[in-house]
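Read off the chains here:
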Amino acid sequence: MAGPRVAGDDRGGKPRRTPLQRLFYWGAVLAVWGVIFLVVFFAVFARGLPDTSSLYNVDRQPSITYLDRNGALIATRGTQMAPPADLDSLPDYVPAAFIAIEDRRFYHHPGFDPIGMSRAMVRNLRAGRVVQGGSTLTQQLAKNLFLTPDQNMRRKVQELMLAVWLEMKFSKKEILALYLNRVYFGAGAYGIEAASQRYFDKSAKDLTVGEAALLAGLLKAPSRYSPVSESERAAARATVVLNEMEEAGVITAAQREQAVTQPVIVSRTLATQHAQYFIDWLDKSIRGLVGEPTEDMVVETTLDLTLQTDAERAVRRILDRDGAKGVQQAALVALDGDGRVRAMIGGASYADSQFNRAVDARRQAGSSWKPFVYLAAMEAGYTPQTPVVDEPITIGNWSPKNYSGNYSGNMTVAQAVAQSTNTVAVSIADRIGRDSVARAARRLGIQSRIGLEPSMALGAVEVSPLEMATAYDAFANGGRRVDAYGISRIRTPQGRVIYQRASGQSGQAINNPPLYYMNQLLRGVVTSGTGRSVAIPGRDLAGKSGTTSDYKDAWFVGYTGGFVAAVWVGKDDNTAMRGVTGGSSPAAIWRGFMEAALPRLNAPSIPNGPPMPEGWTAPDPVGDLMSGLNDGGVPVEPVDPNVGEPYVDQPTPQYQQPSPKQPVVRPTSPQPGYRDPPNQQPEGRPVPERKPDALFF
């Protein structure tokens, strides 16, 4: 017989749980399983976490600082670090700018911000793409210090874990200081102090409100918002930061207005973009000199920043002036008599194109190549007064023409050079041998391929401005061969010398009288020929213009005593400009640069070079002229000044038809005592001849 039922018993004698008891029970079960899940979850994601003991270690590439010949800073490449900035020494608005734009709730979250993350998630869902990030400043610091930039769930969880660890280990002030001293600001600068020095040439404690806003705006995308290459975008981003600062109460409306209206001046070092072509050129050779850098280095260069600025202004003025004529790009190289590069322009804009046209471009030289033809001729026995004939000539299936379409008949070599007469240059090269011309060009420093086709005499050879400046330097320095260079010394910041360029004179590449004759000929180009527009009163100048067929390339290469500059203009796509010749845009750039540079250089007259051979006497052009008059010769028709390369006629003596007793001299053998240097053979076999109507002038 069953006993009486006790209240609260439930078939097994267990008391029934109340709803509150059941809630606590299942809550405890879920909590236990939640803890287990979290332990397992964090154990899984904690695997592979970095060693946080490396918090204060900096893994960076060595920096290379480039100085000009006077010790002025040109650029710094690689990673730049500076001593950590003391947060207390910074104006209040500097750290506040970063908090306002990056993490407004920085002082109120434990390392991650659920409110900010939720707000960002909603905005991203509405936009259908990522338009706002939810990372806190502490999370960004954790990522920068310890993690890779990979975007995946594992890295995000690790970022959260490290952010909480940072908040537990450091105070908010310490975290902010770590952040400002370690974050990357672009241009190779890590930390607020390095960025301030790099962008504004000042300490971070001296930053203005506008400068602080610009640096804070950089962090979103340092290259996209660079004040150097993207100034308008950087200014717009800085304005957004200023608005956030005003809204957060960091600055007043008056301070914001002042910051907007006050210009932010970017460092002259970074703003001088054309000098970066020069630095790129050096950067390629440093590893060949010292190997892979393992420590910070200081490179003392040959560049003169004052001359570089003069070159930039000269190039920019003519590009702006002649842009309507299709002058889109320009290159300039200036060397002293020992081959030191004093200025280098590699293009119209380094920000738009880093291709260095001064070094890496190969463009046809046109008539700026002819000095190598005439040097070989002078070494073969010609002189400036040697009579020649401007007449139709055919070699194989090629018949070169003068630009004017006319032929002037009898003239001298000096006139042919000044007037850039094509037929004479082709005829002389054919008579003395185009291999002799190639050897002369090789001897002076031309390294590009030199074909032996007949059009080579008119500049159908692709060369760089650096090569042309190097080759012409021998005319400017007394006949010595030079190798262009830009590095004088490499040392550590502490002064230990790693590399020192050896001193010593270059070998003699041109002897006399050929050097004397060449300088005489190339002076004539400036005084009475196609380069007359570059003449500067009181200066001893010489050079040669060059223009290729269809106006695709235009050159002027000129020099004075111990200083040479080569200028090229054209288009990258190798299409034609509109009537631009070597005597126009390139000559204008050359003269503008030299007018500014010569007072600083205090350059002497063009040197005479080595002694003349015993018994040599200078030619007497006046006597030759009178002799021609006595023989009843007829004047030579000058080149039309209104066509072709600029040529201004002037009252100069007209050379006469030689009498039968004085036939036209067409020597084919070298002058006595001259020997070509060894191992100067041109490259390869000749390429197919150019089409017959190609014109070079």
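Residues numbered from 1 in each chain as written. Predicted model: local features only at pLDDT ≥ 70, side-chain atom pairs only at ≥ 80, totals over all residues. Heavy atoms only, no water.

Caption draft 1: Here's a closer look at the overall build of the chain. Each helix and strand in the chain was counted, giving 21 helices and 14 strands. Contacts spanning at least 24 positions in sequence make up 73% of the contacts within the chain whose residues lie at least 6 apart. Here the chain has roughly 32500 Å² of accessible surface; of this, 53% comes from carbon and sulfur atoms. (Helix = DSSP H or I, 4+ residues; strand = E, 2+ residues; numbered from the N terminus. Contact = heavy atoms within 4.5 Å. Areas by Shrake-Rupley, 256 points an atom, 1.4 Å probe, with all protein chains shown as cover.)

Caption draft 2: Molecular detail of the packing of aromatic side chains. For the coordinates displayed, the defined rule picks out 13 aromatic pairs. Between F372 and Y472, the aromatic rings sit 6.2 Å apart at their centres with planes inclined by 75°, giving edge-to-face as the arrangement. Taken together, the positions of F372 in helix α14 (residues 370-379) and Y472 in helix α18 (residues 465-476) put the pair 100 residues apart, joining distant regions of the chain. Note on Y472: relative accessible area 0%, which makes it buried. An aromatic cluster is present here, built from W369, F372, Y472, F475 and Y559 joined pairwise through their rings. The ring of F106 has K172 sitting right over it, with the charged end atom 4.7 Å from the ring centre. If you follow R501 out to its NZ or CZ, it ends over the ring of Y485, 3.6 Å from the centre. (Phe/Tyr/Trp six-rings, centres within 6.5 Å; stacked < 30°, edge-to-face > 60°. Buried < 20%, exposed > 50% of the residue type's maximum accessible area, 1.4 Å probe, protein only. Lys NZ or Arg CZ within 6 Å of the ring centre and 35° of its normal.)

Caption draft 3: The arrangement of the sheet that holds strand β2 (residues 73-77) in detail. One open sheet accounts for five strands, arranged β2-β1-β3-β10-β11; its pairing is mixed. The open sheet has two free edges, formed respectively by β2 and β11 (497-500), since each of these has just one partner strand. Strand-to-strand twist in this sheet, taken as the mean axis angle between neighbours without regard to direction, amounts to 15°. Pairing between strand β1 (residues 64-67) and strand β3 (residues 297-301): four bridges, direction parallel. Pairing of Y66 across the sheet is with V299, part of β3. Sitting on the sheet, helix α12 (residues 275-290) touches β1, β2, β3, β10 (487-491) and β11, and the angle it makes with β2 is about 60°. (Pairing = 2+ DSSP bridges. Axes fitted to C-alpha atoms, helices over the stretch in contact; angles between N-to-C directions.)

Caption draft 4: Examining the environment of S464 more closely. Tracing the backbone shows S464 in the loop between β9 (462-463) and α18. Assessed through its relative accessible area of 2%, S464 is described here as buried. Separated by 18 residues in sequence, S464 and I446 have C-alpha atoms that sit 8.9 Å apart. For S464, the residues in contact, after removing those within four places along its chain, are A358, V359, A361, R362 and W555.

Caption draft 5: The arrangement of the nonpolar core in detail. Ranked by internal contacts, the top residues of the largest apolar core, which has 85 residues, are W369, F372, Y374, I428, M468 and F475. Broken down by element, the residue count for this core peaks at eight residues, all from α18. Each residue touching Y374, except ones within four places of it in the same chain, is listed here: V413, A416, V417, T421, V424, A425, I428, M518 and L521. Of all hydrophobic cores here, the second largest spans 48 residues; its members include I101, L166, L176 and Y225. (Core = buried A, V, L, I, M, F, W, Y, C linked by side-chain atoms within 4.5 Å.)

Caption draft 6: Fine view of the side chain of R342. Structurally, R342 can be placed in strand β5 (residues 341-345). Not counting residues up to four positions away in its chain, the partners in contact with R342 are R69, T302, L303, D304, L307, Q308, A334, D336 and F563.

The values are spatial; any link to function lies outside them.
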